[in-house]
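# A closer look at the structure
Chain by chain, the residues:
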Amino acid sequence: MTVRASAAPVRDASGKTLAAVTTVYDITERKQAEERRHFADEAGRLLSSSLDYEWTLRALAHLAVPRIADWCAVDMLDEDGALQRLEVVHVDPAKVEYAHELQRRYPVDRNAPRGLAAILRTGAPEFIPVISEELLAATARDQEQLRIIRELGLHSYIGVPLIARERVLGALTLVSAESARTYTEADLEFALELARRAAAAVDNAQLYTAAQREIAERQEAEAALRASEERLRFTLEAAHVGTWNWNMRTNKLEWSENLLKIHGLSQDAFGGTFADFQNDIHPDDRGMVEAAIQRAIQGGGTYQVEYRLDPSGDALTWVEGKGRVIFDEKGQPAGMAGICMDVTERRLAEQRFRAAVESSPSAMVLVDAHGRIALVNTQTEFLFGYERQELLGQSIELLVPQRFRMAHPMFRAHFHAQPQARPMGMGRELFGLRKDGSEFPTEIALNPIQMPDGLYVLSTILDITERKRAEAALRQVNLELQQKNADLEQFVYTVSHDLKSPLVTVSGFIGLLREELAENQREEVYDCLDRLERATVRMGDLIDDLLELSRIGRVERPRVVCDTGRVMREIGEELVDRFHAAQARLVIQEGLPRLFIDPMRFTEVFENLLTNAIKYGCDRPDTQIEVGCEMDEAECRFFVRDEGPGIAPEYHERIFGLFQRLDTRNEGTGVGLAIVARIVQLAAGRAWVESAPGKGATFWAAFPRSLVRT
């Protein structure tokens, strides 16, 4: 409180002072009004002293503290509407960091119902004479923010917007704290007037800056225009481009010097009328040019056409004309203006290019930057089954199988980003899609071609179906050779034992025969002869089986539709004595399928499998051997199942090799299962066994489902 005091003495009759009368006046409001007036004068001088409004606003904040506030902050909105804290000032500079910390940790919520955000959003001021503890608690987002605000000791608050031409530019915030000053309505009115002056200063500075920028930009634009006109003039001359202007009302046609040169005319030789222009066009193209002009006039659009000049000269000249219709104030066509370019060299290059593409023995497709087909040759029509007009303008994905279409635009974009001649899809198999929906393997080479209207890609497409077939056949031959080499290695490895064993037996018993004949032991001689006979029979069987194995795949045999059920029954009848001797019975599944196969080889497979089942799968009386078939979409699988002692897993693959016998007590050459595997493999099938000790064995021979006939 500010007061003014005055005192008057009280005297007696003798003039002696007995007391004093003191009068005290509260002049706080008057002093504050005087302070506001002085501050307003200084602020006005400050705001008008510079066009650097950011500097003046910062200076205003420093002027306000401590004269009218303990805290003063200026916040501005930039051109994009983003909030920028221009300045914050406090009587104690050390406390300014609190304000910065609050702003960093708790950015302004632009949708908040009160505070700075509300002032900027609504343009309305805020006035809180006394900041209560309840208001602080309601405003704080969490306890930490409340703690920081309490440390600031805020007492009274005024927030006013900076508004110019009905646009909120920012806000001015005044806060009392240490001084415990309580703001009044008069202070609010003063703050609003101060904000109005500050906003006007900011607006004036921005207008001045914008005007200066516009003047500079205009000067730069004029200079750039002059330079551009000069460059255009030079470019038109260098590119053999001429300009023209046609006044429809006067029918006068003005041509530039370059355009006269393109037409091979002098200024005196050109009459300057539309009819003179028509007469200089090739007769076959005049109708096309006139139609293009009429379309532009009626449609209000642009005119573009390529035409030939009258070939009365030494060589044919191609010209590309472009223009635009000019309309008067009533919307009526008043004329046209445009350019013409000599494109003879481009046309000749295109013709040579098209001739080269057309004569190529490979399919060739030219695609623009948007993936649209711009050119194809006859070989493309033949390869994909489309007429040329069905392809032109269509997306290149039309020729790509459906399963690759989604990724294809990505590959195109990648090529356009780094265009260079290279094979397409390195490391991937590529396929083309014909009109009839069939696919074929392809090999594609890509070549980027820069044209006036952008980058194109020329694709050379080869149908490699026959190459793929040859490669597959070669792989199959290699596999067969590998198998034969493996069989040969196995044969060489085992022949020394299996074929030599009978010879050793024969040699040994011949020696015994000599001794026994010398001693005249007839019974022993006959026994030796029996053993010699068995050894020679076994050697004969081995040789026969090896010859049979060597003939498989080497001798082509005709295929016929074979009733596999009948074949199984015939094999069972041939082996009936052996089934009786083994006390086993054969069960053949009903409804076995018909196969398109070599019946002799098919019979050989199951004779071997059933013979094996009798030899090794009948270790007890009344054994059942079952023959049947299972089918799915890929295979037709025949099986022979026995109830014998079973085979350990480690021998499942080994038993299909040459001379492999797990039970040497039974007679056999060890070649039968090798013959089975060889025959099935040559029919594009597979053979295997499923078994475990004590669980019997199931031998499988699977053939492609495509061999099944109904």
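Keep in mind it's a predicted model, so treat the numbers as computed, not measured.

## Quick notes on the overall build of the protein
Per the secondary structure count, the protein includes 22 helices and 26 strands. Counting every position in the protein, which comprises 710 residues, the buried fraction comes to 39%. A separation threshold of at least 6 residues defines the contact pool for the protein, and within that pool the share at least 24 residues apart is 57%. As presented, the protein carries roughly 40900 Å² of accessible surface, and 52% of it is formed by carbon and sulfur atoms.

## Side note on the sheet that holds strand E7 (residues 167-176)
If you walk across this open sheet you meet the five strands as E4-E3-E7-E6-E5, and the pairing is antiparallel. Pairing within the sheet leaves two strands with one partner each, and these edge strands are strand E4 (83-90) and strand E5 (126-128). Each strand of the sheet is rotated relative to its neighbour by a mean of 15°, with strand direction disregarded. As defined by bridge partners, E5 adjoins strand E6 (residues 156-164) across three bridges and the pair is classed as antiparallel. Bridging across to E6, isoleucine 128 finds its partner in tyrosine 157.

## Thoughts on a nonpolar patch on the surface
On the surface, Leu474, Val477 and Leu481 cluster together into a nonpolar patch covering about 260 Å² of accessible area. Inspection of the secondary structure puts valine 477 in helix H16 (residues 465-498). Valine 477 gets classed as partly exposed once you look at its relative accessible area, which sits at 39%.

## Looking at the packing of aromatic side chains
For the structure on display, the rule yields 17 aromatic pairs. Ring centres 5.8 Å apart and planes at 55° place the aromatic pair phenylalanine 274 and phenylalanine 277 in the tilted group. Of the two residues, phenylalanine 274 and phenylalanine 277 both sit in helix H9 (residues 274-279), three residues apart, roughly one turn of that helix. Taken individually, phenylalanine 274 and phenylalanine 277 each receive the classification buried, so the pair is uniform in this respect. Measuring from ring centre to ring centre gives 5.4 Å for phenylalanine 602 and phenylalanine 638, while their planes differ by 75°; the resulting arrangement is edge-to-face. Of this pair, phenylalanine 602 sits in helix H21 (residues 599-616) while phenylalanine 638 sits in strand E23 (residues 635-641), placing them 36 residues apart in sequence. Both residues of the pair, phenylalanine 602 and phenylalanine 638, count as buried. A cation sits over an aromatic face here: arginine 428 above phenylalanine 411, 4.2 Å from the ring centre. Above the ring of phenylalanine 639, the side-chain terminus of arginine 641 is found at 4.3 Å from the ring centroid.

## Here's the deal with helix H22 (residues 672-682)
Counting buried positions along H22 gives nine out of 11 residues, so the element sits mostly inside the fold. Remark: alanine 684 follows H22 within two positions and exhibits a positive phi of approximately 65°.

## Some thoughts on the confidence of the model for the protein
On average, residues of the protein carry a pLDDT of 83, and 83% of them reach 70 or more. Mean pLDDT across the elements of the protein ranges from a minimum in helix H17 (residues 500-518), with 62, to a maximum in E23, with 95.

## Quick look at the environment of isoleucine 396
With respect to the helices and strands, isoleucine 396 occurs in the loop between helix H13 (388-391) and helix H14 (402-405). Contact partners of isoleucine 396, with chain neighbours within four places excluded, come to Val365, Val367, Gly371, Ile373, His408 and Arg412.

## Section: the side chain of threonine 173
Residue placement: threonine 173 occurs in strand E7. If near-sequence neighbours (up to four positions away) are discounted, threonine 173 is found in contact with Trp71, Cys72, Ala73, Tyr157, Ile158 and Gly159.

## Focus: the pairing of strand E12 (residues 333-342)
In the case of a regular strand, side chains alternate between the two sheet surfaces. Where strand E8 (residues 241-247) meets E12, seven bridges bridge the pair, whose relative direction is antiparallel. Its bridge partner being in E12, glycine 242 is matched across the sheet by cysteine 340. Where strand E11 (residues 318-327) and E12 come together, nine bridges link them in antiparallel fashion. Its bridge partner lying in E12, valine 325 is registered against methionine 336.

## Focus on the sheet that holds strand E21 (residues 594-597)
Within the open sheet, the three strands sit side by side as E19-E21-E26. Their pairing is antiparallel. Strands with a single pairing partner mark the edges of an open sheet, and in this sheet they are strand E19 (560-563) and strand E26 (708-709). Sheet topology places E21 next to E26; two bridges connect them, and they run antiparallel. In the sheet register, leucine 595 faces E26, and the bridge partner there is valine 708.

## Remarks on the pattern of salt bridges
Going through the model one piece at a time under the given rule, you end up with 38 salt bridges. With its nearest N and O atoms 3.5 Å apart, the salt bridge here joins arginine 105 to glutamate 144. Taken as a pair, arginine 105 in helix H3 (residues 96-105) and glutamate 144 in helix H6 (residues 143-152) lie far apart in primary sequence, 39 residues in all. Among the residues examined, glutamate 144 registers a relative accessible area of 27% and is labelled partly exposed.

## Quick word on the packing of helix H19 (residues 564-574) against H21
Running from amino to carboxyl end, H19 crosses H21 at an angle of 45°, the nearest separation of the two axes being 10 Å. Relative to H21, H19 is oriented oblique. Helix-helix and strand crossings are classified by hand; for H19 and H21 the assignment is right-handed. Facing H19, whose interface residues are Thr564, Val567, Met568, Ile571 and Glu574, H21 presents Phe602, Thr603, Phe606, Glu607 and Leu610. Taken together, the residues of the contact of H19 with H21 sort by class into six nonpolar, two polar and two charged.

## A look at the environment of phenylalanine 411
Mapped onto the elements, phenylalanine 411 comes out in helix H15 (residues 408-417). Sequence separation between phenylalanine 411 and methionine 424 is 13 residues, and the spatial gap between their C-alpha atoms is 9.3 Å.

## Points about the nonpolar core
Core analysis: the biggest nonpolar cluster contains 43 residues, and Leu595, Phe602, Phe606, Phe638, Phe699 and Phe703 have the highest contact counts within it. When contributions to this core are tallied by element, the ones reaching two or more residues are H19, E21, H21, strand E22 (623-631), E23, H22 and strand E25 (697-704). Considering every element that reaches this core, the biggest residue donor is H21, with seven residues. With sequence-adjacent residues up to four places away left out, phenylalanine 606 is seen in contact with Met568, Ile571, Phe638, Val640 and Ala701. By size, the runner-up hydrophobic cluster in this structure holds 36 residues, among which are Leu47, Ala61, Val160 and Ala199.

## Points about the side chain of serine 459
Examined against the element boundaries, serine 459 turns out to sit in strand E18 (residues 454-463). Discounting residues that sit within four places of it in the chain, serine 459 has contacts with Ala363, Met364, Val365, Ile444, Ala445 and Leu446.

So, how was this worked out
- Residues numbered from 1 in each chain as written.
- Predicted model: local features only at pLDDT ≥ 70, side-chain atom pairs only at ≥ 80, totals over all residues.
- Heavy atoms only, no water.
- Helix = DSSP H or I, 4+ residues; strand = E, 2+ residues; numbered from the N terminus.
- Buried < 20%, exposed > 50% of the residue type's maximum accessible area, 1.4 Å probe, protein only.
- Contact = heavy atoms within 4.5 Å.
- Areas by Shrake-Rupley, 256 points an atom, 1.4 Å probe, with all protein chains shown as cover.
- Pairing = 2+ DSSP bridges.
- Axes fitted to C-alpha atoms, helices over the stretch in contact; angles between N-to-C directions.
- Patch = residues over 30% accessible without salt bridge, like charges linked within 9 Å, V, L, I, M, F, W, Y side chains within 5 Å.
- Salt bridge = Lys/Arg side-chain N within 4 Å of Asp/Glu carboxyl O.
- Phe/Tyr/Trp six-rings, centres within 6.5 Å; stacked < 30°, edge-to-face > 60°.
- Lys NZ or Arg CZ within 6 Å of the ring centre and 35° of its normal.
- pLDDT = per-residue confidence, 0-100.
- Parallel < 35°, antiparallel > 145°, perpendicular 65-115°, else oblique.
- Left-handed = near helix turned anticlockwise from the far one by under 90°.
- Nonpolar A, V, L, I, M, F, W, Y, C, P; charged D, E, K, R; others polar.
- Core = buried A, V, L, I, M, F, W, Y, C linked by side-chain atoms within 4.5 Å.

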